[in-house]
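Fold and contact review
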Amino acid sequence: MFRTEDMEINMGPQHPSTHGVLRLKLQLDGEQIKDMRPVIGYLHRGVEKLSEHRTYSMIEPLTDRLDYVAAISENLGYCGAVERLMGLQVPPRAQHIRVVLAELQRIASHLLWLGTHALDLGAMTVFFYTFREREIILDLFEAFCGARLTYNSMRIGGLLEDVPRGWFDRVRHFLKIFPGRMKEYEDLLTVNRIFLGRTKGVAVLSAADAIAYGVSGPPLRASGVNYDVRKALPYSSYEQFEFDVPLGSHGDTYDRYLVRMEEMRQACRIIRQALDRMPEGEVKAKVPKYIKPPAGEVYHVVESPRGEQGFYIVSTGGEMPYRVRFRAPSFVNLQALPVMCRGGLVADVVAAIGSIDIVLGDCDR
Amino acid sequence: MADDKDSKPASAPPPPAPPAGGGPPSDKPSGPPGAAAAPAAPKADPLKETVPSRAVDLLKERFADQVLEITYYAGAAISVIRKDRFAEIATFLRDHAELRMDYLSNLTAAHWPKRDRPFEVIYHLFSISLRHRLTIKILLGEGEETPSVSSVWPTANWHEREVFDLFGIRFTGHPDMTRILMTDEWVGHPLRKDYPLEGNPGDHVQYREVTTAEHVYRYDKANIRGFGWKKEVEKTGVGRG
């Protein structure tokens, strides 16, 4: 007698399209996925434990290494959390520069995502195009703080230094050329039949599932849930800027693509407003040399390119935090991956992983 | 946070501490009290301001005997509750028409070894439709379990696994209480305060016989030339380099 049985197969931890050291145990019925179990922790460095033994200013470089493709968002969230813990007001100029940096970082992160996601799906050209523009942004960051990936660009209470002379003009130049470049990507993908075939209706996540699984960021908004931390709980003067929150309707991979593309345009819009209204003045508040927040605790969230990035800090009044927890959007979003993939095909797992845009450094901490 | 900060003046600066173990804002067991208290005192007042919170009011109204303490810090309400009826409270918070706490933003724990009940499990809830937040805390003794909320908010599944992995707190009714970040063989729970920051990994991994199915590869000095599979690794210092 013939019989069929399920096959269990490992995808990763060294698979080129898992974007890092992620292992997926797939349970397959032929090509179809019956179940999936993500195995994580390969990149666990114990950042939370380390943070309990560092002073507040020594933790900021550690946050760079969590989500290493969007380090500025991590810096912004961490500094914002400590500032709230201390009740510190950041000067408006520093807030505006922070917004410019964070939105440039969002574009850079989405460009990296777009290039690699398209590459996973077989469209190689886009990768070269997006990395060309990402390079311009990395050059801007290098001009600002000297680093290209792990910036350590902010300080508790503001910024270390004001921007170099002519930096805003370079940002404006980028804003001028970027819409044309975005058209190039869209010409390659938006109505590309192969890309549509690989993404439309693939890895669908319903709005109810997305909320229940705590999904945040573009995957949540692609499912049609209007939750953007910048609008819902504004931080760093985001309430002063006009921008739209793009929403999807189907919750599939293609909608996540569309949402991120629109987010890049909205990011340009925010940067333009911030540059136009850039206030003059100091970039750092008066901060004691030894930062000792009063005893208390705070949970501060920011919208990183990947979603809701949370910082939970408990202080006992000492110079080191008592407990630090980084709520990683990659960690939480990854949990919804089996929900998206069940019933789909093996080849679509690659599309699904790409579409939630995880960074394993953020996920494993 | 920012939008509800300026609506009510500071009326009750420090909330009265209840008898059984308070939250972190009210007592500081291990910080240097003398140094920090004096300069921080004038600053602390606006931070500890009471903020109006519908969630806290309803929680007090409906589960008066379950709420142990409410504290405020930096515009956020933190309520410490009993764990007995927590599953019921969680469903209430999620489903009540005025609360709709459908989004469990974060779940974590903290270890306070000097307290009577040394573990705190912390839930950061958010309502996507109504845009308000609430922090819930549960105090636990050593070895005590707390009900899992992974049936109320499925996202709690991994968060609870992480808390189990790093703190050793078990959640009753959790579908899959296994380690998530550390390896399965790991001994101890790294985020406990008595767990050292530095040390030899050999002290924390319990080696056992390796089955072919598991394919656990162990790299050690004795095996470096053969690059083979070591079948039996004992906790006798092999592989410590």
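Provided above is the structure to which this section pertains.
Because the structure is a prediction, the values reported are computed rather than measured. Sequence order sets the numbering: in each chain, residues are counted from 1 along the sequence as written. All chains are assigned letters beginning at A, and all ligands numbers beginning at 1, according to the order in which they are written. Only residues with pLDDT of 70 or above have their local features reported here, since the model is predicted, and side-chain atom pairs are shown and tallied only from 80 upward, although totals for entire chains, interfaces and linings are computed over all residues.

A short note on the overall build of chain A
The secondary structure listing takes helices from DSSP runs of H or I that are at least 4 residues long and strands from runs of E that are at least 2 residues long, numbered from the N terminus. Within chain A, the secondary structure is distributed over 15 helices and eight strands. Its C-alpha radius of gyration of 21 Å places chain A within 12% of the 21 Å reference for a compact globule of 365 residues. With respect to the three principal axes, the spread of C-alpha positions in chain A is 80 × 45 × 35 Å. We call a residue exposed when 12 or fewer other C-beta atoms sit within 10 Å of its C-beta, buried when the count reaches 20 or more, and partly exposed for counts in between; the C-beta positions come from the backbone. In chain A, which comprises 365 residues, the proportion classed as buried is 56%. At a minimum sequence separation of 6, the contacts of chain A that also span at least 24 residues come to 71%. A radius of gyration in this sense is built from C-alpha atoms; the matching globule rule multiplies 2.2 Å by the number of residues raised to 0.38. With C-beta atoms placed from the backbone, a contact is any residue pair whose C-beta atoms sit within 7 Å.

Some points on the overall build of chain B
Per the secondary structure count, chain B includes four helices and seven strands. Reading the secondary structure of chain B in the N-to-C direction produces α-α-β-β-α-β-β-β-β-α-β. In chain B, which comprises 241 residues, the proportion classed as buried is 34%. Put simply, of all contacts in chain B between residues at least 6 apart along the chain, 53% involve residues at least 24 apart.

Quick word on the packing of helix H2 (residues 56-64) of chain A against helix H3 (residues 71-86) of chain A
Residues and elements named next belong to chain A. As a packed pair, H2 and H3 sit with axes 8 Å apart at the nearest point and diverge in direction by 155 degrees. Our classification of the angle between H2 and H3 gives roughly antiparallel. In the crossing of H2 with H3, the sense of the turn from one axis to the other is right-handed. Taking contact as the criterion, the partners of Tyr56, Ile59, Glu60, Thr63 and Asp64 in H2 are, on H3, Ala71, Glu74, Asn75, Tyr78, Cys79 and Val82. Axis lines are fitted through C-alpha atoms, for helices just across the contact stretch, and the angle between N-to-C directions can take any value from 0 to 180 degrees. For classification purposes, an angle smaller than 35 degrees is called roughly parallel, one larger than 145 roughly antiparallel, one from 65 to 115 roughly perpendicular, and anything else oblique. If you view the pair so one helix is near and one far, a crossing is left-handed when the near helix is turned anticlockwise from the far one by less than a right angle, and right-handed when it is turned clockwise.

Some details on helix H4 (residues 92-120) of chain A
Within an α-helix, residues lying three or four positions from one another point in the same direction, as the helix has 3.6 residues per turn. Compared with an ideal rise of 1.5 Å per residue, which puts 29 residues at 42 Å, H4 of chain A spans 42 Å between its outermost C-alpha atoms and is within 8% of the ideal. Where burial is concerned, most of H4 of chain A is hidden: 25 out of the 29 residues are buried. Here the expected span of a helix is defined as 1.5 Å times the quantity of residues minus one.

A look at the sheet that holds strand E6 (residues 296-304) of chain A
Hydrogen bonding along the main chain pairs the strands of a sheet, whether they run parallel or antiparallel. All names here are of chain A. The sheet built from three strands is open, its strands ordered E6-E7-E8 with antiparallel pairing. In the strand order of this sheet, the two ends are held by E6 and strand E8 (323-327), each with one partner. On average, each strand axis in the sheet is inclined to that of its neighbour by 10 degrees, with strand direction left out of account. Where E6 meets strand E7 (residues 307-315), nine bridges bridge the pair, whose relative direction is antiparallel. Bridging from a neighbouring strand, Glu303 pairs with Glu308 of E7. Contacts from H3 reach E6 and E7, with the element oriented near 150 degrees to E6. Only when DSSP finds a minimum of two bridges between them are two strands counted as paired.

Here we look at the nonpolar core
All names here are of chain A. Of all hydrophobic cores here, the largest spans 150 residues; its most connected members are Val82, Ile313, Leu337 and Ala352. Per element, the largest residue contribution to this core is 14 residues, and it comes from H4. Contacts of Val82, omitting those with residues within four sequence positions, involve Tyr56, Ile156, Pro293 and Ile313. Within the second largest apolar cluster, five residues are counted, among which are Ala222, Tyr257, Leu258 and Val259. For our purposes the nonpolar core covers buried Ala, Val, Leu, Ile, Met, Phe, Trp, Tyr and Cys residues that link as a set through C-beta atoms within 7 Å.

Examining the interface of chain B and chain A
Counting from both sides, the interface comprises 40 residues of chain B and, opposite them, 41 residues of chain A. Of all the elements in the fold, those that place two or more residues in the side of chain B that touches chain A are helix H1 (33-47), strand E3 (103-111) and helix H4 (156-167) of chain B. Ranked by residue count, the leading element in the side of chain B that touches chain A is H1 of chain B, at seven residues. When residues are grouped by polarity, Ala, Val, Leu, Ile, Met, Phe, Trp, Tyr, Cys and Pro land in nonpolar, Asp, Glu, Lys and Arg in charged, and all others, Gly among them, in polar. When the residues that make up the side of chain B that touches chain A are grouped by side-chain class, the tally is 27 nonpolar, nine polar and four charged.

A closer look at the environment of Leu134 of chain B
Residues and elements named next belong to chain B. Examined against the element boundaries, Leu134 turns out to sit in strand E5 (residues 133-140). For Leu134, a count of 21 C-beta atoms within 10 Å gives the class buried. Between the alpha carbons of Leu134 and Ile78 there is a distance of 6.6 Å; along the sequence they are 56 residues apart. With near-sequence residues (within four places) excluded, Leu134 lies in contact with Ser53, Ala55, Ala77, Met101 and Leu125.

Some thoughts on unusual backbone geometry
Residue and element names in this part refer to chain B. In this structure, Arg100 takes a positive phi of about 45 degrees despite not being glycine. Along the chain, Arg100 turns up in the loop between helix H3 (86-95) and E3. The exposure class of Arg100 is partly exposed, given the 19 C-beta atoms found within 10 Å. The phi torsion at Arg131 lies on the positive side, around 60 degrees, for a residue other than glycine. Residue placement: Arg131 occurs in the loop between strand E4 (119-126) and E5.

Things to note about the pairing of E7 of chain A
With respect to burial, E7 of chain A is a largely interior element, nine of its nine residues being buried. Hairpin connection from E6 of chain A to E7 of chain A: two residues lie between these consecutive antiparallel strands.

Description of the sheet that holds strand E3 (residues 32-39) of chain A
Residue and element names in this part refer to chain A. Pairing is antiparallel in the open sheet, where three strands are placed in the order E1-E2-E3. Single-partner strands in this sheet number two, and they are strand E1 (7-11) and E3. Here the average twist between neighbouring strands, direction ignored, is 25 degrees. Sheet topology note: the E1/strand E2 (residues 23-29) ladder contains five bridges and is antiparallel. The residue of E2 that forms the bridge with Met11 is Leu24. Here helix H14 (residues 346-356) sits on the sheet in contact with E1, E2 and E3, set at roughly 145 degrees to E2.

Overview of the packing of H3 of chain A against H4 of chain A
Residue and element names in this part refer to chain A. Two elements in contact, H3 and H4, have axes whose closest approach is 8 Å; the angle formed by their N-to-C orientations is 140 degrees. You can see that H3 and H4 cross each other, and the crossing is left-handed. From H3, Ile72, Ser73 and Leu76 reach across to H4, where they touch Arg98, Leu101, Ala102 and Gln105. Here the residues of the contact of H3 with H4 are counted per class, giving four nonpolar, two polar and one charged.

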